[in-house]
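Residue-level listing of the chains:
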Amino acid sequence: MSDQRTPLVEMKNISISFGGIHAVDNASIDLHPGEVVALLGHNGAGKSTLIKILSGAYRRDAGEILINGEPAEINNPRDAKKYGIETIYQTLAVADNVDAAANLYLGRELRTPWGTLDDVAMEAKAREVMGRLNPNFQRFKEPVKALSGGQRQSVAIARAILFDARILIMDEPTAALGPQETAQVGELIKQLKKEGIGIFLISHDIHDVFDLADRVSVMKNGQVVGHARTEDVTKDEVLGMIILGKCPPKAIPGPGAMQTA
Amino acid sequence: MADITHANQANRARNADENPIRRFFRATEIDTRLLGMVGALVIIWLGFQFLTGGLFLTPRNLWNLTVQTSSVAVMATGMVLIIVTRNIDLSVGSVLGFCGMIMGVMQAKILPQYLGLEHPAIWIITLTSGVLVGAAIGALQGSIIAFLNVPAFIVTLGGLLVWRGATWFVTSGQTVAPMNSTFRLMGGGTEGSIGATASWIVGIVACVAIVGAILNSRKQRKRFGFPLRPVWAEYFLSVLGCVLVLGAVAIANAYFWPINIARRYADANGIAWPEGGLQISHGIAIPVLIAIAVGIVMTFIATRLRFGRYVFALGGNPEAAELAGIKTRWVTVKIFMLMGVLCAIAAAISTARLNAATNAQGELDELYTIAAAVIGGTSLAGGVGTIAGAMIGALVMQSLQSGMVLLGIDSPFQRIVVGVVLVVAVWLDTVYRARAK
């Protein structure tokens, strides 16, 4: 295994609770460059919450985050972006009423020397990036609301890679997409992986991500059940981890694993 | 590559299929909704012209109409940004009253003690203090909304009462008059207009700016190889813009000074009274110039600055804006500060026009301002709205009111009509939006 290298991201013993409910309890996960880690679990297992701590949307109660082996201070989405962490949310988190270029640069607009928005330059760059992702995309002047699910998804992904993300978090990336668009996203993930970007895929559906991922980490009731390399386990075994919290022999059990008598 | 060629062909094929009217709108990129509103305005104008037997579309009435619109139009530009971010501001009328009273006291009671009556700096110190008070009120209300999470509706409803009450306390209810004579120029009138020559200069500068903007945008798009508008469309837009501007100037210049004022002026300046009277043009009124300048600045802020982009993104999807790293709370505070500043400018216009600061100044203005923004196409659901639309909305409201005054309709019935028009306008807009999807 690649454990000799420094992981790109290491989240150690993270806990967060909302009003007495331990949404995430003592969870640890890691991610290496050029690796795809699928974070699996039922709805409410705590996977989205855990990852939102990494992307700065929530603040952790306990634990630490290491980026390239160094402790990172992430208190809001701006901090996360400084570390090269980009997130594509389940809800896509695009501003529906502005166009693709405005969404790509939201929060980091290009400006002319006079301090005004440089819309033309942003549109040019948007055309370039979108051309790489989705060559058929032509609707640069329309608000994002007018686009299809797949097109909106490519806007969200383009937004993440435009700023040289090193760590990409994708929350249910294919939930809103048709089969063809899902395949497109799969191709894209492979391409990004080749560029050395570490990717967290979050999903409650194992079939979506099993073939794309190098490793799986499974969560249940806010705790990590275990980690496993996808070549070492079968889909059924991973399902057992998700549903029962039962760790197969080749997986590394975590604190949430079912205690075998 | 093959894909792109194919797509282009498909595009061209689609364009060819369209009827000429659609092709025209696509080529000129004219906002059809804005055009619809201008159409509604024209219908209202022609209707009143017909009903009043030709009293409505006279230079005098149109000139007065623009002056009467300017105060609400100034505030409506700010209300657009507030409604776009899914907030509301019910306090603008009271803030206008309070700022107006502060400015009245400043120029009529406080400053003359130190500078002497009619000192040339009085108006600017007064205006500055009003703007600062407005900004401070806006900052206070905005902070409560953004940082204490009290809904804007409640905070500004409270503001409506608080600032109206505070207005009373400034002078214990007394009306302050008269205003400084330089300050009064901001209210329009015979003195507060810039005359024929200056109006033509303003018109020509505006034409040069329109053509310059069209050329510049074409150059920019060429630089990056984006699709360009057809050349005929560029010419059409330039000519249309210039004709509208120069036509408006011609109308303002066709409204002459009232005879007795002109006669007094002639006597004072030793001009012989010519046969048929002395015809001195009003030209564009200063409050109208202020409103247009505010409209241009606000459009610039809303479309060319990062702040404006954030305002619209925030209105479209607050969560996305927050996750994109936008400091959404600060944006909210800034929007309300801007609204406060605009209230102060509107207060300056209305106190100068009335030549007095009163307790009741700006009462119900919050409703006219919100109505203007909404009639102008600002969506209460957030994310959508234009400055120009809100200003036209203000003009529509004012046209209805002054048309009904000309017709001699009682004021209770005027309110009924304005109320009905507001609801119908928003209903039509809903229908339009549903279709556009």
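If you're wondering where the values come from, they're calculated on a predicted model, not measured in any experiment.

Undergrad: How should the overall build of chain A be read in this particular structure?
TA: In terms of regular secondary structure, chain A is built from eight helices and 11 strands. Taking all 261 residues of chain A together, the buried fraction comes to 49%. Relative to all contacts within chain A whose residues are 6 or more apart in sequence, the contacts with residues 24 or more apart total 65%.

Undergrad: Could you clarify how one ought to interpret the sheet that holds strand E5 (residues 70-71) of chain A in this entry?
TA: Sheets are built from strands that pair by backbone hydrogen bonding, the pairs being arranged parallel or antiparallel. All names here are of chain A. Spatially, four strands are ordered E2-E1-E4-E5 in an open sheet, and the strand pairing comes out antiparallel. A single partner strand is all that each edge strand has here, and the edge strands are strand E2 (21-31) and E5. In terms of strand pairing, strand E4 (residues 62-67) meets E5 through two bridges, oriented antiparallel. Paired with Ile 67 across the strands is Glu 70, a residue of E5. In the packing of helix H1 (residues 47-54) onto the sheet, the strands contacted are strand E1 (9-18), E2 and E4, and the crossing angle to E1 comes to about 115 degrees.

Undergrad: Whenever I open this one, the domain arrangement of chain A confuses me. Can you help?
TA: How big an interface is tends to be reported as the loss of accessible area on association of its parts. All names here are of chain A. We note that the domain assignment places domain 1 (2-84 + 165-253) and domain 2 (97-163) within chain A. The C-alpha-based centres of domain 1 and domain 2 are spaced at 27 Å. The interface of domain 1 with domain 2 comprises 10 residues on the first partner and eight residues on the second. Per-element accounting of the side of domain 1 that touches domain 2 gives the leading share, five residues, to helix H6 (residues 179-194). Split into classes, the residues belonging to the side of domain 1 that touches domain 2 amount to seven nonpolar, two polar and one charged.

Undergrad: What am I meant to see in the interface of chain A and chain B here?
TA: If you look at the interface, chain A gives 24 residues, while chain B gives 24 residues. Elements that contribute at least two residues to the side of chain A that touches chain B include exactly helix H2 (77-82) and helix H4 (119-133) of chain A. Within the side of chain A that touches chain B, the residues separate by chemical class into 13 nonpolar, five polar and six charged.

Undergrad: Looking at this structure, I do not really get the nonpolar core. What am I missing?
TA: Within soluble globular proteins, side chains that are nonpolar tend to cluster in buried spots. Leu201(A), Ala76(B) and Cys343(B) are the most contacted members of the largest nonpolar core, which totals 184 residues. Sequence-distant contacts of Leu201(A), defined by excluding residues within four places in its chain, comprise Val36(A), Ala38(A), Leu39(A), Met170(A), Pro173(A), Val209(A), Leu212(A) and Ala213(A).

Undergrad: What's the story with the pairing of E1(A) in this structure? I'm lost.
TA: Looking along a regular strand, one sees side chains alternate from face to face of the sheet. All names here are of chain A. Across five bridges, E1 lies against E4 in antiparallel orientation. Residue pairing for E4: Glu 10 is matched across the bridge by Leu 66. Sheet analysis places E1 next to E2, joined by seven bridges and oriented antiparallel. Following the sheet pairing, Glu 10 is matched in E2 by Asp 30. Between E1 and E2, which follow one another and run antiparallel, lie two residues, and Gly 19 among them has a positive phi close to 55 degrees.

Undergrad: Would you take a moment to explain the sheet that holds strand E11 (residues 252-253) of chain A for this structure?
TA: All names here are of chain A. If you walk across this open sheet you meet the seven strands as E6-E7-E8-E3-E9-E10-E11, and the pairing is mixed. The two strands at the open ends of the sheet, each matched to only one other strand, are strand E6 (85-88) and E11. Inspection of the sheet shows strand E3 (residues 36-40) paired to strand E9 (residues 215-220) by four bridges, in the parallel sense. Bridge pairing in E9 places Leu 40 opposite Val 218.

Undergrad: How do you make sense of the domain arrangement of chain B when you look at a structure like this?
TA: Residue and element names in this part refer to chain B. Domain annotation for chain B reports domain 1 (55-188 + 285-363 + 379-388) and domain 2 (194-283). Spacing between the C-alpha centres of domain 1 and domain 2 amounts to 27 Å. Domain 1 puts six residues into the contact, and the matching count from domain 2 is six residues. In terms of residue count, helix H4 (residues 59-84) provides more of the side of domain 1 that touches domain 2 than any other element does, four residues in total. A breakdown of the residues in the side of domain 1 that touches domain 2 according to their chemical character gives five nonpolar, no polar and one charged.

Undergrad: Any chance you could explain the confidence of the model for chain B here in plain terms?
TA: Interpreting fine coordinate detail is not advised for predicted regions of low pLDDT. Residues and elements named next belong to chain B. Per-residue pLDDT for chain B has a mean of 89; in total, 95% of the residues score no lower than 70. Low pLDDT, under 50, characterises residues 1-15; the stretch is placed with five contacts to residues that sit more than four places away or in other chains. Note on the complex model: pTM 0.85, ipTM 0.75.

Undergrad: Just checking my understanding: could you explain H1(A) for this structure?
TA: Residues that lie three or four places apart on an α-helix share one face, since the helix turns once every 3.6 residues. For H1(A), the tally of buried residues reaches eight of eight residues, placing the bulk of the element in the interior. Those residues of H1(A) that sit buried are Lys47(A), Ser48(A), Thr49(A), Leu50(A), Ile51(A), Lys52(A), Ile53(A) and Leu54(A).

Undergrad: Would you take a moment to explain unusual backbone geometry for this structure?
TA: Backbone torsion omega between Ala177(B) and Pro178(B) reads -10 degrees, so that peptide bond is classified as cis. Of note in the backbone geometry, Asn26(A) takes a positive phi value of approximately 55 degrees without being a glycine. Along the polypeptide, Asn26(A) turns up in strand E2. Although it is not a glycine, Asn355(B) adopts a positive phi angle of roughly 60 degrees.

Undergrad: For this particular structure, what's the right way to read the packing of helix H5 (residues 149-162) of chain A against H6(A)?
TA: Between two packed helices, what matters for the description is the angle formed by their axes and the separation of those axes. All names here are of chain A. Contact pair H5 / H6: the axes reach a minimum separation of 10 Å and the direction vectors enclose 15 degrees. Judged by the inter-axis angle, H5 sits roughly parallel to H6. Here the hand of the crossing between H5 and H6 comes out right-handed. Here Gly 149, Gly 150, Gln 153, Ile 157 and Ile 161 of H5 come into contact with H6, specifically with Glu 181, Gln 184, Val 185, Leu 188 and Leu 192. Residue composition of the contact of H5 with H6, by class: five nonpolar, four polar and one charged.

Undergrad: Sorry if this is basic, but what is going on with the environment of Ile137(B) here?
TA: Residues and elements named next belong to chain B. Counting through the fold element by element, Ile 137 comes out in helix H6 (residues 122-147). With 26 C-beta atoms counted inside 10 Å, the residue Ile 137 sits in the buried group. Sequence separation of Ile 137 and Tyr 368 is 231 residues, and the distance between their C-alpha atoms is 20 Å. Other than its neighbours up to four places away in sequence, Ile 137 contacts Val 95, Trp 163 and Gly 340.

Undergrad: Hey, could you run me through the environment of Glu366(B) in this one?
TA: All names here are of chain B. Inspection of the secondary structure assignment puts Glu 366 in helix H16 (residues 365-375). For Glu 366, a count of 26 C-beta atoms within 10 Å translates into the label buried. In sequence terms Glu 366 and Ile 251 are 115 residues apart; their C-alpha atoms lie 30 Å from each other. Residue contacts for Glu 366: discarding those within four places in its chain leaves Leu 90, Ser 91, Val 92, Gly 93 and Leu 160.

Undergrad: Teacher, can you tell me more about the packing of H4(B) against helix H17 (residues 387-406) of chain B here?
TA: Residues and elements named next belong to chain B. Between H4 and H17, the least distance of the axes is 8 Å, while the angle of their chain directions is 140 degrees. Classed by the angle they form, the pair H4 and H17 counts as oblique. With respect to the hand of their crossing, H4 and H17 are arranged in right-handed fashion. Residues Leu 65, Gln 68, Thr 69, Val 72, Ala 73, Ala 76, Thr 77, Met 79 and Val 80 of H4 pack against Ile 387, Ala 390, Met 391, Gly 393, Ala 394, Leu 395, Gln 398, Ser 399 and Ser 402 of H17. Split into classes, the residues belonging to the contact of H4 with H17 amount to 11 nonpolar, seven polar and no charged.

Calculation criteria
- Residues numbered from 1 in each chain as written.
- Chains lettered and ligands numbered in written order.
- Predicted model: local features only at pLDDT ≥ 70, side-chain atom pairs only at ≥ 80, totals over all residues.
- Helix = DSSP H or I, 4+ residues; strand = E, 2+ residues; numbered from the N terminus.
- Buried ≥ 20, exposed ≤ 12 C-beta atoms within 10 Å, placed from the backbone.
- Contact = placed C-beta atoms within 7 Å.
- Pairing = 2+ DSSP bridges.
- Axes fitted to C-alpha atoms, helices over the stretch in contact; angles between N-to-C directions.
- Domains from an automatic or database assignment.
- Nonpolar A, V, L, I, M, F, W, Y, C, P; charged D, E, K, R; others polar.
- Core = buried A, V, L, I, M, F, W, Y, C linked by C-beta atoms within 7 Å.
- pLDDT = per-residue confidence, 0-100.
- Parallel < 35°, antiparallel > 145°, perpendicular 65-115°, else oblique.
- Left-handed = near helix turned anticlockwise from the far one by under 90°.

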